[in-house]
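Chains, contacts and geometry: an overview
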Amino acid sequence: MKKNVLVLMSLMLISSIAVAGCGSKTDNGSSASGETSDSTQGKPFEITFRHALIGERRQGTLDLTMEAVKKMESEVPGLKVKMDGVDGEVNRKDKIRGEMASGNVPEIFDAFGSPDVKTFAKEGKVLDITPILEELGIKDKFLNLDAWSVDGKVYGLPMSASAEGVFYNKEYFASKGFEVPKTYDELLALMDKIKADGKIPFSSASKSAWVPLMLTNQIWSRLAGPEVTAKFSTGEAKWTDPAVTEAFKIHQDWVNKGYFKKGELGLEYVDYNTQFINGDSAMMFDGSWAASLFQEGGAGVSLAGKIGFFNFPPMPGGVGDQTSIMQDMNNGYAFSAEVAKNPQKLAAVKSFIKNFYTEDMQMRFLVERGSLPCMKLDEAKVKEQVKDPMMQEIMMMLLHSESSYAAFDALVPADVTTEIGNQIQKIISNITTPEEATAAIQKVQDEANADAE
Amino acid sequence: MNKALRNPMTYILFVIPGMLLLFMFFVYPLISSLYYGFTNWNGISDHVKLVGFRNFSKALSDPAFWSSVKNNGYFILFSVFIQVPITIVASLMIANVKKLQGLYKTAIFMPTVMSTAVIGILWGFIYNYDVGLLNKIIVFFGGQPVDWLGSPKTAMLSILITNCWQWAGFYIVMILAAILTIPKELDEAAMIDGATGLQRVRRITMPLIMPVISVVIMLSIAGSMKAADIIIVMTKGGPASSTDVMATYMIKYAITNFKYGYGNALSFIIFIFTMVVTVLYQVLIAKRAERIDY
């Protein structure tokens, strides 16, 4: 009798585990078969829209995006969009990669074109949207889709563009009689004057290495030419080239001359903006995305109308176009490759692209949110609608520069980006020389180039 | 007793569920991690190529990896030689306090209850170059402000101090519990024999709490080997990788860089290192801490 009880108990234990296992299996099976047979129009279905527009600062952008989402919901019968907001960094470095590996990719997701989406595309995990763009006739309306294209096929679309340059405090400049520097020497003289006045010439916060690297990237692109960064991965140019090394040296010189805040390696990007907003620093080298700080709801709204923007001045002995600007269209949306198997979902994606990537939307993003357009806009309309003088300056700078280059992290493999970040922090803390730093970066670049072949 | 318990089948049936769970959640992940350590898997691809020992040799020949190992070493040394003595002294002091003992216990245990993220940010303020409490004090006494978290020279030390502060309370509570369970008679008898306070600590209290101290050292070594969260919150491994430990090195160089194969190799190396350190400690030191019988 007792034997039976024991056996029964053990059997129950095992079977409960087995049942639990099977339960989830049958669950998956039914939902999977449900999806594939579900091709009739109008049947309720759901797609996930992963965005990184969380937090107060991005609320306005989310509101605008929601308008396109609402239109998509009304256009596609049965569609329900599940908005899934995740912190950008967490999504990019962690969540989306895990989902790529497991195969549960959200239908629409926030992504970086290069190198992320390009890597996903090579594995066949993201949707080739070239046919959709052609059908909608908007393929040629974008300024530049290089970051999103592999072998001529497009795998995602940017949200907006961004350009990098110098924000400066107009009021302060006027009160001291300072002028926007036209040459590199004028910039150096200006920084000395600002320093003598007791202010920090440039904001600095280098806990995250990309923040100081915006400036270094600009300087090496002036000295070695805007095309140089793209040539590192092909081996045509080297980090150890004198002009590139010189840029790292200049950055180190600026640190040692006190053009940046002391203790910058312990500061977060938020401090970068704060130093500028509270008047500790007179200039801030940053992306055009920072323009939203000085608009309604931004932390620096009290400075609205008092902020100017100028392009980094030409450098003596620099190679190539000296008005060139860093222009980036790397952050945007990509779509799961699974969408292609389901006509309803494909229709939803098409509808999103149709409603989100319109001239009207781009203009509203520019006027209301200060984000630069990634599509070609009518110049006259831009001039007429953009009232904010700072945005006008940014747009004028874009119109007046003859060339642009992508940010370095879109052009070199991720491990090189990590190493550059490591080395720039060493440069800032003066524990390495520019020559040693570029040699170390080149070593990682060589390894990455060899791996790629 | 009866036939059922003599039947080997019964034992197997009882053991199987446990074994299954153990295999599913411990053995399988370990083996699969080891397997991917030998591949060039990028974390997404369906095709995985075996590359032999390349990932392991790459890690072991990378000076950045060894500097992260060294930082783990600092964690261990700091825990064993600074944190543990401090906690012992603090425990002895609290144990002998007559009034407000509960308050001291609670106050000192507080940091352990707080999340690492909160502690990291809190200490970030204390270490702040401009407005931080620490630099305010230094400047008040006429010193030069120190760039605690921003300088590669001081960043590691700053984190070690924070980490010590965070976990001291946990260890103090453990040691305190051991001290308070020592029968009062022993102490009283020694007092009657004329032993001084210091003598009583040395001859009675310390030997009797040795097993607990051994456990505390063990825990702090294991904790040092897997430290990562406090570093990510406070410095992200920077500046210039000066505070990277093995775990953050793995995250920074392997996961961020689309190199899961490399990351798995690293996690296996960390596993081996941790095993070696803990086994060495068990064999060399913990065994000597004798069992106490009253």
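Below you will find a few notes about this structure.

About the thresholds
- Residues numbered from 1 in each chain as written.
- Chains lettered and ligands numbered in written order.
- Predicted model: local features only at pLDDT ≥ 70, side-chain atom pairs only at ≥ 80, totals over all residues.
- Heavy atoms only, no water.
- Helix = DSSP H or I, 4+ residues; strand = E, 2+ residues; numbered from the N terminus.
- Buried < 20%, exposed > 50% of the residue type's maximum accessible area, 1.4 Å probe, protein only.
- Contact = heavy atoms within 4.5 Å.
- Areas by Shrake-Rupley, 256 points an atom, 1.4 Å probe, with all protein chains shown as cover.
- Lys, Arg positive; Asp, Glu negative; His and termini not counted.
- Charge placed at Lys NZ, Arg CZ, Asp CG, Glu CD.
- Arc of directions from axis to C-beta.
- Salt bridge = Lys/Arg side-chain N within 4 Å of Asp/Glu carboxyl O.
- Buried area = accessible area lost by both parts, 1.4 Å probe.
- Polar contact = N/O pair within 3.5 Å; in protein donor to acceptor, adjacent residues only side chain to side chain.
- Nonpolar A, V, L, I, M, F, W, Y, C, P; charged D, E, K, R; others polar.
- Expected span 1.5 Å × (residues − 1).
- Core = buried A, V, L, I, M, F, W, Y, C linked by side-chain atoms within 4.5 Å.

1. With respect to the overall build of chain A
When its secondary structure is counted, chain A shows 17 helices and 13 strands. Across its three principal axes, chain A shows a C-alpha extent of roughly 95 × 55 × 40 Å. Within chain A, buried positions represent 52% of all 453 residues. Expressed as a percentage of contacts within chain A between residues at least 6 apart in sequence, the contacts between residues at least 24 apart total 75%. When the accessible surface of chain A is summed, it comes to about 19,500 Å², and 54% of that surface belongs to carbon and sulfur atoms. Positive and negative side-chain charges of chain A, numbering 48 and 63 respectively, have mean locations separated by a distance of 5 Å.

2. A short note on helix α11 (residues 269-277) of chain A
Residue and element names in this part refer to chain A. Along α11, the residues classified as buried are Y269, Y272, N273, Q275 and F276. Taken end-on, α11 shows its buried residues confined to a sector of 155 degrees, consistent with a single buried face. On its buried side, α11 packs onto β7 (162-169), α8 (210-224), β9 (281-287) and β10 (307-310). Trailing α11 by a residue or two, G279 shows a phi angle of about 85 degrees, which is positive.

3. Concerning the pattern of salt bridges
All told, the structure shown has 22 salt bridges over all chains when counted by the stated rule. One salt bridge in this structure joins D84(A) and R50(A), with 2.9 Å as the shortest N-O distance. Placement of the pair is D84(A) in strand β2 (residues 79-85) and R50(A) in strand β1 (residues 45-51), with a sequence separation of 34 residues. The burial state of D84(A) is the same as that of R50(A); both residues are buried. D187(B) serves as the salt-bridge partner of R200(B), at 3.6 Å between the closest nitrogen and oxygen. A residue pair is termed long-range when its members are at least 10 positions apart, and R200(B) in helix α10 (residues 197-225) and D187(B) in helix α9 (residues 184-192) qualify at 13 residues. Each of R50(A), D84(A), K95(A) and E99(A) takes part in one network of salt bridges that share partners.

4. Quick look at the interface of chain B and chain A
At the interface, 39 residues of chain B touch 36 residues of chain A. Approximately 3,200 Å² of surface area, both sides summed, lies buried where chain B meets chain A, with 61% of it carried by carbon and sulfur atoms. When the area that chain B buries against chain A is broken down by residue, the three leading residues are I44(B), A240(B) and F258(B), summing to 19%. Where chain B packs against chain A, one counts 3 salt bridges. At the boundary of chain B and chain A, one finds 10 residue pairs in polar contact (both at pLDDT 80 or more). Contributions of two or more residues to the side of chain B that touches chain A are made by α1 (3-6), α2 (8-37), α3 (54-60), α11 (229-234) and α12 (246-255) of chain B. Sorting elements by how many residues they give to the side of chain B that touches chain A places α2(B) first, with 4 residues. Each residue belonging to the side of chain B that touches chain A can be placed in one class, and the counts come to 18 nonpolar, 13 polar and 8 charged.

5. Quick notes on helix α15 (residues 389-400) of chain A
Residues and elements named next belong to chain A. Its 12 residues place the ends of α15 16 Å apart at the C-alpha level, agreeing with the 16 Å of an ideal helix rising 1.5 Å per residue. If you check which residues of α15 are buried, you get M390, M391, I394, M395, M397 and L398. Down the axis of α15, the buried side of the element spans an arc of 155 degrees, and every buried residue falls inside it. Looking at the buried positions of α15, the neighbouring elements they touch are β7, β10, β11 (325-328), α13 (359-369) and α14 (379-385). Where α15 begins, the capping side chain belongs to D388, and its oxygen is found 3.2 Å from the backbone nitrogen of M390.

6. Quick notes on the environment of K238(A)
All names here are of chain A. The residue K238 is located in the loop between α9 (228-232) and α10 (242-256) in this model. Taking the relative accessible area as the measure of exposure, K238 reaches 36% and is therefore partly exposed. Put simply, K238 and A439 are 201 residues apart on the chain and 9.1 Å apart in space, counted from C-alpha to C-alpha. Beyond its immediate sequence surroundings of up to four residues, K238 is in contact with F232, V244, Q442 and D446.

7. A word on the nonpolar core
Residues and elements named next belong to chain A. Grouped together as the largest cluster of nonpolar side chains are 132 residues, with contacts concentrated most on W239, W254, M283, Y333, I353 and Y357. Top element by residues in this core is α8. It accounts for 8 residues. Discounting residues that sit within four places of it in the chain, W254 has contacts with Y184, L187, L188, M191, F202, L215, Y259, F260 and F312.

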